[in-house]
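Okay, here's what each chain looks like letter by letter:
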Amino acid sequence: MRKKFGFNIWRYPSRWIFFRFDDRLLLISIGALVGSCSGLAAMALNRGLIGMFEFLHHYRQFWWAFVIPGIGAALSSLFLEKIIKEGAGHGVPEVVYSVSRYGGLMRMRSSFSRLISSCLTIGSGGSAGPEAPVVMSGAAIGSNIAQFFSLNDRQRVALVGCGAAGALSAIFNAPITGLVFAIEVIIGEWSALNIVPIAVASVFGAQVSRLLAGNQIAFTHLQFHVRPIDTLACLGLAVFTAAVSILLTRTLRVSGGMSHQIKIPVWLRAMTGGCIVGVIGFFLPDVLGEGYHSVQLMVEGAFSKGLMIVSLLVFAKIVATSFTLGWGGSGGIFAPCLVIGSFTGLMYHRFIEVVLPGVSWVNEGGFALLGMAGLISGILQAPLTGIFLIIEITGGYEVILPLILVSAISTTLCHAFEPASFYFKDLVEKGHYLRPRTDEKVLADLSVGELVEKDCMIVSKDMKLGDFVKIMQKSHRNFFPVEDEHSGEFLGLIHLDDVREYIFDPLLYETVFLEQIMNPDIETVDLDDDLAEVLDRMDANHLFSMPVIANKRFVGMISKATLLDKYRSELIVQTDH
Amino acid sequence: MRLKIEEFATCLQLTVSTVERWIRQGRIPARKKGLLCVFNLLSMQKWAEANNLTFTPPGSEPEKKSKHRMDNLLAAMKRGGVFYDVEGDSVETVLNSAVSHISCFKTKAQKESLYESLVARESLMSTGIGKGVAIPHPRTPLGHADIPAVITTCFLKKPVDYNAVDKKPVNVLFVLVCPSSKYHLHLLARLSFCLRDEDFLKFLARTPAQELFFKKVDEFDSRFDSSE
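This structure is a prediction, so every number in the text was calculated from the model and none was measured.

What counts, and where the lines are drawn
- Residues numbered from 1 in each chain as written.
- Chains lettered and ligands numbered in written order.
- Predicted model: local features only at pLDDT ≥ 70, side-chain atom pairs only at ≥ 80, totals over all residues.
- Helix = DSSP H or I, 4+ residues; strand = E, 2+ residues; numbered from the N terminus.
- Buried ≥ 20, exposed ≤ 12 C-beta atoms within 10 Å, placed from the backbone.
- Rg over C-alpha atoms; globule rule 2.2 N^0.38 Å.
- Contact = placed C-beta atoms within 7 Å.
- Domains from an automatic or database assignment.
- Nonpolar A, V, L, I, M, F, W, Y, C, P; charged D, E, K, R; others polar.
- Expected span 1.5 Å × (residues − 1).
- Pairing = 2+ DSSP bridges.
- pLDDT = per-residue confidence, 0-100.
- Core = buried A, V, L, I, M, F, W, Y, C linked by C-beta atoms within 7 Å.
- Axes fitted to C-alpha atoms, helices over the stretch in contact; angles between N-to-C directions.
- Parallel < 35°, antiparallel > 145°, perpendicular 65-115°, else oblique.
- Left-handed = near helix turned anticlockwise from the far one by under 90°.
- Arc of directions from axis to C-beta.

Check the secondary structure of chain A and you find 26 helices and six strands. Seen through its principal axes, chain A has C-alpha atoms that stretch 100 × 60 × 50 Å. Put simply, chain A has 577 residues, and 50% of those count as buried.

Here it is as structure tokens:
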């Protein structure tokens, strides 16, 4: 043991005297490592996509080009299903799920699986983005580095956030967005303990990206001169983006539900979805792939198509995205949101130009930019991520005032119609959405086994009432579990109230057996039961305590009084830092 | 400092599973090494205080229980003493002469306050519980913390009309004075255990000598303990 410990001390950095005093330094150093690694992963996907695009570029002109997205989606789905054995999807809910339930524990293979599958999907033309896959990869890299160094859950969660932040800041060259996204969406808790390492990881991720790809702003644009009238017009734009966000969320759900009703192999399903996208792309090539080229054109104000085409593009992109993601392709929602958002902004600009022809508005690029912010904020219901992302990827600080307005209003409106954001809807429905410092989290962490009180006096079913009265005098509890003497099986429960009317009649002492008094139909709890459900059952049946049964044997009682006690200490411990 | 995980959990008054989970989740400044918990005592105590918990390291004095053990009937009776041919022909006069015998109450003021509270209790409702026995006692503890619980047994010279529940005259008094209500109930339960017994009542009617009486009480004390 000592020998092993001596050789492997470098794998237990939390035991180094340097770090033992406080783990902040440890987290910052490992966070920097995680940020760099996930930055590299993001750049790898970026290069892969460019390579795929160049490789497939020559084939796009053929009439059969519409099957390319189909083949890409099918390959990606086969890869995930057969080789990696993971479900399709974009990955962010998976990361949040692991952070909520398992302290950020993730599999090693998750760190590259989404890179390959999304490269196949998007590179071949599927309408999806590379951001969520790199976020998942980065998170998995953070989690595995934490496991390698044997860190605890809290530190691992911070490193998962570091990975996500590093990846996002690398792919967009946007360090603040990485930081804000990791805190707002992935971790959900603003505390200095998380923010500092994640900020460092963001810096390292962005630095890696700048070293490899140069420090460039993703979407350059002209100078915007925003006047109060533009800010006012943004209120209308926010309503538009909110409506489109809700439409996108619902279309994604409907299309996902539809695809699950068709009983064909997943790869065939993905292929069908991909081919439909290919057909749409044949007529409207702007919907294919991540779509950043169109975004660039729109932000520059160089997108020439008119109101009708742009409106059609909004819906075509929504449909294409739903068929890509809902039918088994692999990729994120970020890039489609940016594209749909800029289409929406442009559509709104064209629309107000027609309605109010005399007013001179800010350049249409400005509206495209605001539309992106509105859609990201609406879909993610994360206004800060929306604001910082758009500021950083466009460098358009001069639109900050309308930008904040659009983000805030769009988020609020979407929240009214879709209480849970696109990322968390499934998690909320399954009860897996557990944010730190919430009731759900505390209840999920506590287990029935930790709350069991074992000081009940067990009685046998053949005991006479007279003997029971003596036992009652000694017990401190009001409940008496009844067991079968031979098998040890739990038969029922006697509450003090059940015997109150008999115990003052000595005549019954020798004639009544406990079997006749006990309550055989008792709500019982299993050791593995979910505490929130147990509480619901207690409330529904107006109970204050319930017996815990394992293998038909009585283990102890679980009561609301003890629960409050433990709940409180758990809450204090969880919120202390 | 190193402790077994079970001991460590006991120090915090938590279950082992809670402690293990907290260590895994990194909520507690301790780490596991095999079956041991490794931690720094000072930071552990600081953490416990900040989190509304207590950390009592093993070997440190467990908190002394404030309530000392309560005596049984015999000890209280021996302190109170047994007196024969106690004078008096009414409730007040009988109580007055009984109080004069209680040696624990030394000053005149103490005796007077005891007498007054006994009379006040009798005027509320007679303590004559029937079959010739009365248990005079103050309604609330007198507040002399230094005076231990006493039961003074008085065999009366002649039966007195005590307004008892069964209207029969009383010939034995058990004056019961306790420092606390809890103590009072504790002794009263034991006394009533004796007085429920027909043999004990017959034994009392014979006005037994002090040694015989204490022997009988001791016998009942142990009977009470074994039934409990």
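After that view, the rundown keeps rolling.
Below, the discussion takes up the overall build of chain B. A count of helices and strands for chain B gives nine helices and eight strands. Expected size for 228 residues packed as a compact globule is a radius of gyration near 17 Å; at 27 Å, chain B overshoots this value by more than 25%. Principal-axis analysis of the C-alpha atoms gives chain B an extent of 80 × 40 × 30 Å. Taking all contacts inside chain B whose residues are at least 6 apart in sequence as the whole, residues at least 24 apart take part in 62%.

Accessible area lost when the parts come together is the quantity often used to give the size of an interface. Parsing chain A into structural domains produces domain 1 (2-213), domain 2 (228-430) and domain 3 (443-575). Between the C-alpha centres of domain 2 of chain A and domain 3 of chain A the distance comes to 56 Å.

Bringing the interface of chain B and chain A into the picture now. Each side of the interface is counted separately: chain B has 13 residues, and chain A has 14 residues. In terms of residue count, helix H2 (residues 16-25) of chain B provides more of the side of chain B that touches chain A than any other element does, six residues in total. Taken together, the residues of the side of chain B that touches chain A break down into three nonpolar, seven polar and three charged.

Looking now at the environment of Ala170 of chain A. Residues and elements named next belong to chain A. Among the secondary structure elements, Ala170 is positioned in helix H8 (residues 153-172). Residue classification places Ala170 among the buried positions, given that 34 C-beta atoms sit within 10 Å. C-alpha separation for the pair Ala170 and Ala74, spaced 96 residues apart in sequence, amounts to 28 Å. With near-sequence residues (within four places) excluded, Ala170 lies in contact with Ser38, Gly39, Ala42, Met43, Gly205, Ala206, Val208 and Ser209.

Another point: the domain arrangement of chain B. The domains assigned to chain B are domain 1 (2-50) and domain 2 (73-227). Once you take the C-alpha centre of each, domain 1 of chain B and domain 2 of chain B turn out to be 55 Å apart.

The terminal C-alpha atoms of H8 of chain A, which comprises 20 residues, lie 29 Å apart, in line with the 28 Å expected from a rise of 1.5 Å per residue. With its phi angle positive at about 50°, Asn173 of chain A sits one or two positions after the end of H8 of chain A.

Another aspect to go through is the sheet that holds strand S1 (residues 459-460) of chain A. All names here are of chain A. Strands sit in the order S1-S2-S3 across an open sheet of three strands; the sheet is mixed. Because the sheet does not close on itself, it has two edges, and the strands there are S1 and strand S3 (490-495). With two bridges connecting them, S1 and strand S2 (residues 479-483) associate as parallel partners. Following the sheet pairing, Val459 is matched in S2 by Val482.

Another point: the pairing of strand S7 (residues 150-160) of chain B. Residue and element names in this part refer to chain B. The sheet contact formed by strand S4 (residues 82-86) and S7 spans three bridges and is parallel. In the sheet register, Val86 faces S7, and the bridge partner there is Leu156. Judged from the seven bridges that link them, S7 and strand S8 (residues 170-177) form a sheet pairing that is antiparallel. When the bridges of S8 are listed, Thr152 appears paired with Val175.

Here we take up the environment of Val92 of chain A. Residues and elements named next belong to chain A. Position of Val92 relative to the elements: it lies in helix H5 (residues 92-102). By C-beta crowding, Val92 is classed as buried, having 27 other C-beta atoms within 10 Å. For the pair Val92 and Leu49, spaced 43 residues apart in the sequence, the C-alpha separation amounts to 20 Å. When neighbours within four sequence positions are excluded, Val92 is seen to be in contact with Ala132, Val135, Met136, Val185 and Tyr423.

Attention now moves to the pairing of S3 of chain A. Residues and elements named next belong to chain A. Pairing geometry for S2 and S3, over five bridges, is antiparallel. Bridge pairing in S3 places Pro481 opposite Leu493. Between the end of S2 and the start of S3, which pair antiparallel, lie six residues, with Gly488 showing a positive phi angle near 75°.

At Lys552 of chain A, a residue that is not glycine, the phi angle is positive and equals roughly 65°. With respect to the secondary-structure elements, Lys552 of chain A resides in the loop between strand S5 (545-550) and strand S6 (553-559). Lys552 of chain A gets classed as partly exposed once you count the C-beta atoms within 10 Å, which come to 13. Unlike most non-glycine residues, Gln13 of chain B shows phi in positive territory, near 55°. You can see Gln13 of chain B is positioned in the loop between helix H1 (5-12) and H2.

Model confidence for chain B is summarised by a mean pLDDT of 85, while 95% of its residues fall at 70 or above. Under the prediction, the complex receives an ipTM of 0.82, its pTM being 0.80.

Let us look at the environment of Leu212 of chain A. Relative to the assigned elements, Leu212 of chain A resides in helix H10 (residues 192-213). Considering only alpha carbons, one finds Leu212 of chain A and Leu40 of chain A, 172 residues apart in sequence, at a separation of 8.9 Å.

A few words on the nonpolar core. Val95, Val135, Ala164 and Ile186 of chain A are the most contacted members of the largest nonpolar core, which totals 137 residues. Ranked by residues supplied to this core, first place goes to H8 of chain A with twelve residues. When residues of this core are assigned to domains, at least three map to each of domain 1 (2-213) and domain 2 (228-430) of chain A. Other than its neighbours up to four places away in sequence, Val135 of chain A contacts Gly91, Val92, Val95, Ala164, Ala167 and Leu168 of chain A. By size, the runner-up hydrophobic cluster in this structure holds 37 residues, among which are Val94, Phe105, Ala134 and Cys178 of chain B.

Residue and element names in this part refer to chain B. One open sheet accounts for three strands, arranged S1-S3-S2; its pairing is antiparallel. Of all strands in the sheet, those with a lone pairing partner are strand S1 (2-4) and strand S2 (30-33), marking the two edges. Geometrically, the sheet is characterised by an average inter-axis angle of 30° between neighbouring strands, direction not taken into account. Of the strands in this sheet, S1 and strand S3 (36-39) are in contact with H1, which crosses S1 at around 95°.

All names here are of chain A. Contact geometry for helix H14 (residues 307-325) and helix H15 (residues 334-355): axes closest at 9 Å, N-to-C directions at 155°. As the angle between them shows, H14 and H15 are arranged roughly antiparallel. Note that H14 runs across H15; the crossing there is left-handed. Residues Leu307, Val310, Ser311, Leu313, Val314, Lys317, Ile318 and Thr321 of H14 touch H15, and the partners they reach there are Pro336, Val339, Ile340, Phe343, Thr344, Leu346, Met347, Arg350, Phe351 and Val354. By residue class, the composition of the contact of H14 with H15 is 13 nonpolar, three polar and two charged.

All right, on to the packing of H5 of chain A against helix H7 (residues 131-148) of chain A then. Residue and element names in this part refer to chain A. Interhelical geometry of H5 versus H7 gives an angle of 30° and a closest axis separation of 8 Å. Between H5 and H7, the angle is such that the two are roughly parallel. Counted together, Val92, Glu94 and Val95 of H5 and Ala132, Val135, Met136 and Ala139 of H7 form the full contact between these two elements. When its residues are assigned to classes, the contact of H5 with H7 shows six nonpolar, no polar and one charged.

What follows covers helix H4 (residues 73-80) of chain B. Residues and elements named next belong to chain B. Along H4, the residues classified as buried are Leu73, Ala76, Met77 and Gly80. Down the axis, H4 shows its buried residues gathered within 100° of arc, on one side only. Where H4 ends, the next residue or the one after it, Gly81, has phi of about 85°, a positive value.

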